[in-house]
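Residue strings, one per chain:
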Amino acid sequence: MKVLIINCGSSSLKYQIIDSESEQVEAKGICERIGLDGRLTYQPTGGEKEVTDAPMPTHNEAITLVLKALVNPKTGVLKSLDEIQAIGHRVLHGGAKLTESRIVDDEVIAAIDEASDLGPLHNPANLIGIRACQKLMPGKPNVAVFDTSFGMTLPEYAYRYAIPTKYYDKYKIRRYGFHGTSHSFVSKETIKFLGLDPDNSKVIVCHLGNGASITAVKNSKCVDTSMGLTPLEGLVMGTRSGDLDPAILQYICNHEKIDINEMLRILNKESGVMALSNGLSSDFRDLEEAMDNGNTAAGLAIDAFCYRVAKYVGAYVAAMNGVDAITFTGGIGENAGIVRKKVLAHLGYLGIAMDEEQNMKRGERFILSTKDSKVTVSVIPTNEELAICRETVALVNAQ
Ligand code: ADP
């Protein structure tokens with residue numbers, strides 16, 4: 001089955017065509033600057049990347065251009081659009097109602113809309129993408145895969161915040177967790193890769209990218225996750241603060257005469273390793289280079305990032321009363337050996353021993369721990385599009 005995977009942002013749209021039998025990507029690309037002017041990037045696998053400037057007032061025009069590129073007689077990978085049998089959409093927030101991937105119908109659309117309150121930047125864009133596909137490819141099944149659904153198996157004592165119950169009752173304020181598609185994919189792949197028992201295993205997945213989160217996965221179910229109601233909680237990230245004392249918000253707002261919206265913007269956009277490195281960069285390649293050249297603020301940023309990861313790993317060992325495997329993924333987890341080394345340096349008490357030579361590897365699947373390490377540590381590149389493809393095919397086949 002050929003599946004079109006769509007990941008809509010407010011002004012961008014990433015897409016891939018995946019053949020579900022071979023699990024190979026046949027073409028991929030991105031539409032950028034939607035609503036401004038518009039630029040389409042299209043690349044068939046093994047072929048040249050094409051970049052075309054084309055007007056895209058809305059996501060409808062963007063998807064129309066993607067479909068045209070896919071059936072272009074010269075460079076297209078499809079003979080006709082009939083070959084697309086389903087469309088899988090990445091949707092940020094499923095709210096309390098959408099706890100697993102769903103074939104899109106009116107009820108699902110209404111629930112995604114309702115959850116827009118919780119994902120104001122993403123959910124409206126995700127809905128625009130779904131509606132555009134419904135319009136341009138009538139009758140084809142659209143499947144919504146939620147970033148929050150993997151976190152919906154948390155026990156109540158893990159997902160409830162210790163604030164008055166009325167806020168949970170009225171607004172469903174709880175821990176949802178994000179990067180669920182990645183955590184689900186990587187935890188399953190870890191279990192397969194290491195030959196663990198899906199029904200009797202304890203895995204910690206560290207998804208470390210610009211946004212970063214950790215999950216504890218016991219017997220294939222997520223039992224805790226570091227992001228909360230929104231993706232701001234948990235680890236130190238590229239530009240997000242992660243955990244902090246909530247009283248800091250009041251203190252800074254009062255002293256700097258800023259309102260809570262501005263404060264939240266600062267915590268989302270101007271904090272994290274970017275802030276700790278005194279505004280140097282949110283990118284670990286820059287931070288590593290600066291640290292190597294003696295920049296102490298860059299060193300502090302990396303150390304604080306790694307320390308927070310290690311603290312969460314410790315917490316999740318407690319959450320599961322043990323751990324069989326720890327997996328690193330995401331741009332930083334897959335590539336930054338220095339981060340893996342610094343995180344694992346805090347975890348010697350677990351009997352973890354790292355193979356220095358293996359740790360030089362990047363961007364591929366490998367075991368990082370030595371043979372006698374008590375916990376197996378591995379690196380498994382994430383593949384959210386493939387995860388969405390698998391979910392889409394499973395739901396469409398079960399129809
Ligand atoms: P996103 O959350 O945007 O999906 P990614 O998972 O793609 O992020 O991760 C992007 C980050 O990965 C970059 O900002 C950079 O910090 C890090 N990264 C990518 N490649 C390398 C590398 N070779 N060495 C160190 N860090 C890297």
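What counts and what doesn't
- Residues numbered from 1 in each chain as written.
- Predicted model: local features only at pLDDT ≥ 70, side-chain atom pairs only at ≥ 80, totals over all residues.
- Heavy atoms only, no water.
- Patch = residues over 30% accessible without salt bridge, like charges linked within 9 Å, V, L, I, M, F, W, Y side chains within 5 Å.
- Areas by Shrake-Rupley, 256 points an atom, 1.4 Å probe, with all protein chains shown as cover.
- Salt bridge = Lys/Arg side-chain N within 4 Å of Asp/Glu carboxyl O.
- Helix = DSSP H or I, 4+ residues; strand = E, 2+ residues; numbered from the N terminus.
- UniProt positions renumbered as here; feature names shortened; annotations may be inferred.
- Buried < 20%, exposed > 50% of the residue type's maximum accessible area, 1.4 Å probe, protein only.
- Pairing = 2+ DSSP bridges.
- Near = heavy atom within 4 Å.
- Polar contact = N/O pair within 3.5 Å; in protein donor to acceptor, adjacent residues only side chain to side chain.
- Nonpolar A, V, L, I, M, F, W, Y, C, P; charged D, E, K, R; others polar.
- Axes fitted to C-alpha atoms, helices over the stretch in contact; angles between N-to-C directions.
- Left-handed = near helix turned anticlockwise from the far one by under 90°.
- Contact = heavy atoms within 4.5 Å.

Describing a nonpolar patch on the surface
Now for step 1: Side chains of I163, Y167 and Y171 sit close together on the surface and give an oily, nonpolar patch of about 280 Å² of accessible area.
Now for step 2: Within the secondary structure, I163 sits in the loop between helix 4 (156-159) and helix 5 (165-171).

Re the UniProt feature "binding site: Mg(2+)" (unreviewed entry) in the chain
Now for step 1: Mapped onto the present numbering, the UniProt feature "binding site: Mg(2+)" (unreviewed entry) falls at N7 and E384. On the basis of their most widely separated C-alpha atoms, the annotated residues across 378 residues gather in one place, lying no more than 10.1 Å apart.
Now for step 2: Along the chain, N7 falls in strand 1 (residues 2-8).
Now for step 3: Overall, N7 belongs to the buried group, its relative accessible area being 18%.

A look at the sheet that holds strand 14 (residues 376-379)
Now for step 1: An order of 11-10-9-12-14-13 is seen for the six strands of this open sheet, with the pairing classed as mixed. The sheet terminates laterally at strand 11 (221-225) and strand 13 (366-367), the two strands that pair on one side only.
Now for step 2: Relative to strand 14, strand 13 runs antiparallel, the two being bridged by two bridges. The residue bridging F366 from the neighbouring strand is V379, located in strand 14.

Section: the site of the ligand
Now for step 1: For the ligand, the full set of nearby residues is G209, N210, G211, D283, F284, R285, G330, G331, I332, N335, A336 and R362.
Now for step 2: The contact in question runs from an oxygen atom of the ligand to an N or O atom on the backbone of N210, over 3.1 Å.
Now for step 3: In the complex, 71% of the free accessible area of the ligand, which totals 590 Å², lies under the protein chains.
Now for step 4: Elements with a minimum of two residues in the shell around the ligand: helix 10 (284-292) and helix 12 (330-335).
Now for step 5: Sorting elements by how many residues they give to the shell around the ligand places helix 12 first, with four residues.
Now for step 6: The residue inventory of the shell around the ligand, partitioned by class, reads three nonpolar, six polar and three charged.

Points about the pairing of strand 10 (residues 212-218)
Now for step 1: With respect to burial, strand 10 is a largely interior element, six of its seven residues being buried.
Now for step 2: Direction of pairing for strand 9 (residues 202-208) relative to strand 10: antiparallel, over a ladder of seven bridges. Looking at the pairing, I204 lines up with A216 of strand 10.
Now for step 3: Linking strand 9 back to strand 10 in an antiparallel pair, the connection comprises three residues.

Let's talk about the packing of helix 7 (residues 247-256) against helix 8 (residues 260-269)
Now for step 1: Running from N to C, helix 7 and helix 8 point in directions that differ by 115°, and their axes come no closer than 10 Å. Crossing angle aside, the handedness with which helix 7 passes helix 8 is right-handed. From helix 7, L249, I252 and C253 reach across to helix 8, where they touch I260, M263, L264 and L267.
Now for step 2: Each residue belonging to the contact of helix 7 with helix 8 can be placed in one class, and the counts come to seven nonpolar, no polar and no charged.

Observations concerning the side chain of S378
Now for step 1: Relative to the helices and strands, S378 resides in strand 14.
Now for step 2: For S378, a relative accessible area of 0% corresponds to the buried category.
Now for step 3: Those residues within four positions of S378 in sequence are excluded, and the remaining contacts are T190, F193, L194, I326, T327, F328, F366, I367 and L368.

Re the pattern of salt bridges
Now for step 1: Scanning the model with the defined rule gives 20 salt bridges in all.
Now for step 2: With its nearest N and O atoms 3.2 Å apart, the salt bridge here joins R90 to E384. Of this pair, R90 sits in strand 6 (residues 84-91) while E384 sits in helix 14 (residues 384-397), and the two are 294 residues apart along the sequence.
Now for step 3: Judged by relative accessible area, E384 falls into the buried class, the value being 16%.
Now for step 4: Between K192 and E189 there is a salt bridge, with the nearest N and O atoms lying 3.0 Å from each other.

Thoughts on the UniProt feature "site: Transition state stabilizer" (unreviewed entry) in the chain
Now for step 1: Residues annotated by UniProt as "site: Transition state stabilizer" (unreviewed entry) correspond here to H179 and R240.
Now for step 2: Position of H179 relative to the elements: it lies in the loop between helix 5 and helix 6 (180-194).
Now for step 3: Accessibility expressed as a relative area gives 11% for H179, which makes it buried.
Now for step 4: Sequence-distant contacts of H179, defined by excluding residues within four places in its chain, comprise D147, H207, G211, A212, S213 and M227.
Now for step 5: Structurally, the position occupied by R240 is in the loop between strand 11 and helix 7.
Now for step 6: If we ignore the near neighbours within four places in the chain, the residues touching R240 are G211, M227, P231, L232, L235, L267, N268, S271 and G272.
Now for step 7: Only 3.0 Å separates the side chain of R240 from the backbone oxygen of P231, close enough to count as a polar contact.

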